[in-house]
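Take a look at the letters that make up each chain.
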Amino acid sequence: FLLCLEYPQVGVCCGFLLNQHYNPAFVSLQMMKHAWDNYKRYAWGLNELKPISKQGHSSNLFGNIQGATIVDALDTLFIMEMKEEFKEAKEWVEKNLDFNVNAEISVFEVNIRFVGGLLSAYYLSGEEVFRKKAVELGEKLLPAFNTPTGIPWALLNIKSGIGRNWPWASGGSSILAEFGTLHLEFVHLSHLSGNPVFAEKVMNIRKVLNRLDKPEGLYPNYLNPSSGQWGQHHVSIGGLGDSFYEYLLKAWLMSDKTDEDGKKMYYDAVQAIETHLIRKSSGGLTYIAEWKGGLLEHKMGHLTCFAGGMFALGADGAPSDKTGHHIELGAEIARTCHESYDRTRMKLGPEAFRFDGGVEAIATRQNEKYYILRPEVIETYMYMWRLTHDPKYREWGWEAVEALEKHCRVDGGYSGLRDVYNNHESHDDVQQSFFLSETLKYLYLLFSEDDLLPFEHWVFNTEAHPLPVLHKDDGNKEENQK
Ligand code: DMJ
């Protein structure tokens, strides 16, 4: 298969056929299988894999809830038709996935990876165990909303129900991208359980946000759950802000375009982002800066690169004279993020890149040069491909496949890199669960036909777990059945 990477046009490698340059079978049979088999061999049942040390990796985001990689990967296994693997993953969930633990967890991370993963596995496979576990976990998360405003805590002990916020967050605040990234999953939890409480909790977050004044129409990253006041006026479309905006748009799409409130909030926010955060470098690269109390920091995070796909996905709902503009904005962000990859030695992008001090799309600080197998750039290629069919997005995705194989693939799985500008790989020894749930899934979709999880019927949560659009008729059907 190495021969194949060097000479993709050869078409035959390691005994299986690559009938074209960009083949989803390569992603599933070679990449996903390698990631999964090694996780299974060295870290089965633990949260993540350390592919160099060949042992389990535990992150405090999940407390002592176990099996993050299994739950995050369920739908990817299903979509890639890895039936045996899906079956063993399901059996593990049935027998071992346990939420009755004394654990302090991140509400956001557990929601997007565990609740989202279980919901998708249920919708794709119809297996009741996933629905039951998702609702059980959703119920465990409810005490996080016991604050004076109903804005949830970031951290929750799921045994005691005691919540708190990250000690580093401005003035005891909750984080916009965390409390703003519960909506899709909680609406589905109500839909599947018949219990309105989940949807009520997230609709209340909307209400609180709508009552507040927004500086220049922007949403600060910090909001105090007790006072209901903003913390520091820092605004970001990357870390701390990102998926809040994504969920406004997707809430509208997932509601079969009936959630007018979500729609308005999304397009108003994009308007303010365009006015205050989006800039063009002297070399012609469009980027999204960070805003700190009115001052711009000309830096863009890898996380921010998801926004290319978001703008393009939202083009359809924009006023008709703006549709082309939103697609174009998506294309420009995709190009900038591709440049951030192309300007490195390893052809994989840094955690953050800057547009100041004479550089463009390059990381200048040592602590911003790492790549941890993140998906956002490939995610944007996938949306741009589906929405424009411009072949460059598949080419760029394939460049990422080659770079991942060359620099991140190791004997024991896939590892992140400490410095993408270096000549030699220094591996960070973590195979993140989102590599299986997002990076590989988006690559697979990028090289697949558009009718695999079509956008009219599915929206992806921020961890790439597909959730079905709740069509207007579905509700009626259920109403009629009652
Ligand atoms: C994922 O867990 C999700 O995409 C989240 O929204 C942001 N960070 C990671 C991947 O980079």
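Residues numbered from 1 in each chain as written. Predicted model: local features only at pLDDT ≥ 70, side-chain atom pairs only at ≥ 80, totals over all residues. Heavy atoms only, no water.

**Here we look at the UniProt feature "active site" (unreviewed entry) in the protein chain**
Point 1. Within the UniProt annotation, "active site" (unreviewed entry) is assigned to Glu-109, Asp-242, Glu-351 and Glu-376.
Point 2. Locating Glu-351 in the fold gives a position in the loop between helix H13 (323-342) and strand E16 (352-354).
Point 3. A relative accessible area of 12% means that Glu-351 is categorised as buried.
Point 4. When near neighbours in sequence (up to four residues on either side) are disregarded, Glu-351 contacts Gly-301, His-302, Glu-368, Tyr-370 and Arg-374.
Point 5. By the element assignment, Glu-376 lies in helix H14 (residues 376-388).
Point 6. Taking relative accessible area as the criterion, Glu-376 reaches 8% and is therefore assigned buried. (UniProt positions renumbered as here; feature names shortened; annotations may be inferred. Helix = DSSP H or I, 4+ residues; strand = E, 2+ residues; numbered from the N terminus. Buried < 20%, exposed > 50% of the residue type's maximum accessible area, 1.4 Å probe, protein only. Contact = heavy atoms within 4.5 Å.)

**Brief notes about the state of the cysteines**
Point 1. All told, the structure shown has one disulfide when counted by the stated rule.
Point 2. Two residues, Cys-305 and Cys-337, share a disulfide whose sulfurs are 2.1 Å apart. Disulfide Cys-305-Cys-337: torsion about the S-S bond near -95°, hence left-handed. Of this pair, Cys-305 sits in the loop between strand E15 (299-301) and helix H12 (306-313) while Cys-337 sits in helix H13, placing them 32 residues apart in sequence. (Disulfide = S-S within 2.5 Å.)

**With respect to the environment of Tyr-39**
Point 1. Structurally, Tyr-39 is set in helix H2 (residues 24-43).
Point 2. You can call Tyr-39 buried: its relative accessible area is 0%.
Point 3. On a C-alpha basis, the gap between Tyr-39 and Gly-56 in space is 8.1 Å, while along the polypeptide they are 17 residues apart.
Point 4. Apart from the residues lying within four places of it in its own chain, the contact partners of Tyr-39 are Trp-44, Gly-45, Leu-46, Asn-47, Glu-48, Leu-49, Gly-67, Thr-69, Ile-70 and Gln-431.

**Here we look at the site of the ligand**
Point 1. Around the ligand, the neighbouring residues are Ile-112, Arg-113, Leu-303, Arg-374, Pro-375, Glu-376, Phe-434, Glu-438, Thr-462 and Glu-463.
Point 2. Contacts to the ligand include Glu-376, whose side-chain N or O atom sits 2.6 Å from an oxygen atom.
Point 3. Contact between the ligand and Thr-462: an oxygen atom at 2.8 Å from a main-chain N or O atom of the residue.
Point 4. Here the ligand loses 92% of its free accessible area of 300 Å² to cover by the protein chains.
Point 5. Residue assignment for the shell around the ligand shows that the elements contributing at least two residues are helix H5 (107-125) and helix H16 (433-446).
Point 6. Of the residues that constitute the shell around the ligand, the class distribution is four nonpolar, one polar and five charged. (Near = heavy atom within 4 Å. Polar contact = N/O pair within 3.5 Å; in protein donor to acceptor, adjacent residues only side chain to side chain. Areas by Shrake-Rupley, 256 points an atom, 1.4 Å probe, with all protein chains shown as cover. Nonpolar A, V, L, I, M, F, W, Y, C, P; charged D, E, K, R; others polar.)

**Details of the packing of helix H8 (residues 183-193) against helix H9 (residues 197-211)**
Point 1. H9 packs onto H8 with a crossing angle of 150° between their chain directions and a minimal axis gap of 7 Å. Taken as axis vectors, H8 and H9 run roughly antiparallel relative to one another. At the point where H8 passes H9, the crossing takes the left-handed sense. Here His-183, Phe-186, Val-187, Leu-189, Ser-190 and Ser-193 of H8 lie close against H9, whose contacting residues are Val-197, Phe-198, Ala-199, Val-202, Met-203 and Arg-206.
Point 2. Residue composition of the contact of H8 with H9, by class: eight nonpolar, three polar and one charged. (Axes fitted to C-alpha atoms, helices over the stretch in contact; angles between N-to-C directions. Parallel < 35°, antiparallel > 145°, perpendicular 65-115°, else oblique. Left-handed = near helix turned anticlockwise from the far one by under 90°.)

**So, the pattern of salt bridges**
Point 1. Tallying each qualifying case throughout the model produces 28 salt bridges.
Point 2. Residues Lys-33 and Asp-37 are paired through a salt bridge, measuring 3.0 Å at the closest nitrogen-oxygen approach. In this pair, Lys-33 and Asp-37 both sit in helix H2, four residues apart, roughly one turn of the helix.
Point 3. Judged by relative accessible area, which is 31%, Lys-33 ranks as partly exposed.
Point 4. The exposure class assigned to Asp-37 is partly exposed, which follows from its relative accessible area of 31%.
Point 5. Notably, a salt bridge pairs Asp-259 with Arg-206, separated by 2.7 Å at the nearest N-O pair. In this pair, Asp-259 sits in the loop between helix H10 (242-254) and helix H11 (260-276) while Arg-206 sits in helix H9, placing the two residues 53 residues apart along the sequence. (Salt bridge = Lys/Arg side-chain N within 4 Å of Asp/Glu carboxyl O.)

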